[in-house]
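# Survey of secondary and tertiary structure
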Amino acid sequence: MARRSKQDPYDHLPQQDDAPAAAVPCWLCSRPTGKTIVWHHPVPKSRGGRDVVPMHPICQQTLISNFTNSELQRHGMEVTGLLDHPNVRKFVDWVAKKDPDFTATITKKQR
C-alpha cells in the first residue's frame, strides 16, 4: 500500500478561481442547468449510443418515463421529434418557469 505524503501532490498546478462556470443549457428544455447535471445518452448505450448531452435530472426522468429505448434510438440526437410528443411538450411548457435546480416526482411509465 502506498504512503500518503503530507504535501499536496497537486500544489504545482494553477489554482482555479471560485467563480461559477457558465451554465450549460439543458438539451431538452433549453433552460440553464443548475448544480446537478445529468449526462444523458440520447441514443441509449444499449443501442450503440456514445454521445452525451447535459440535462436536468427531472428532464431525463421525463424522457425515460415516456419513451422506450427503441423510440429514443429512432429519434437520435434530434430533440424536435421528442418535443412533438404531447406529454413531453406539456412538461417542457410547465417546467420553463421553474428554477434550474427544481425537482419533483415524475409519474411512472405509461405503457
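Everything in this summary refers to the structure shown in the same document.

Reading guide: rules and limits
Residues numbered from 1 in each chain as written. Predicted model: local features only at pLDDT ≥ 70, side-chain atom pairs only at ≥ 80, totals over all residues. Heavy atoms only, no water. Buried < 20%, exposed > 50% of the residue type's maximum accessible area, 1.4 Å probe, protein only. Helix = DSSP H or I, 4+ residues; strand = E, 2+ residues; numbered from the N terminus. Arc of directions from axis to C-beta. Polar contact = N/O pair within 3.5 Å; in protein donor to acceptor, adjacent residues only side chain to side chain. Core = buried A, V, L, I, M, F, W, Y, C linked by side-chain atoms within 4.5 Å. Contact = heavy atoms within 4.5 Å.

### Quick notes on helix α4 (residues 86-95)
Where α4 is concerned, the buried positions are Val88, Phe91, Val92 and Val95. Angularly, the buried residues of α4 cover 95° about the axis, an arc narrow enough to put them on a single face. Exposed side chains of α4 directed beyond 90 degrees from the buried face belong to Pro86 and Lys90.

### Description of the side chain of Ser65
In this structure, Ser65 sits in helix α1 (residues 57-66). A polar contact is formed between the side chain of Ser65 and the side chain of Asn66, at a distance of 3.5 Å.

### Points about the nonpolar core
Grouped together as the largest cluster of nonpolar side chains are 18 residues, with contacts concentrated most on Trp27, Leu28, Met55, Cys59, Leu63, Phe91 and Val92. Of all elements in the fold, only β2 (53-55), α1, α3 (79-83) and α4 reach the threshold of two or more residues within this core. In terms of residue count, α4 provides more of this core than any other element does, four residues in total. Leave out the neighbours within four places in its chain, and Val92 touches Leu28, Cys29 and Leu83.

### Section: unusual backbone geometry
Its identity is not glycine, yet Ser30 carries a phi of approximately 65°, on the positive side. Along the chain, Ser30 falls in the segment before β1 (38-40). Classification of Ser30 by relative accessible area gives exposed; the value is 55%.

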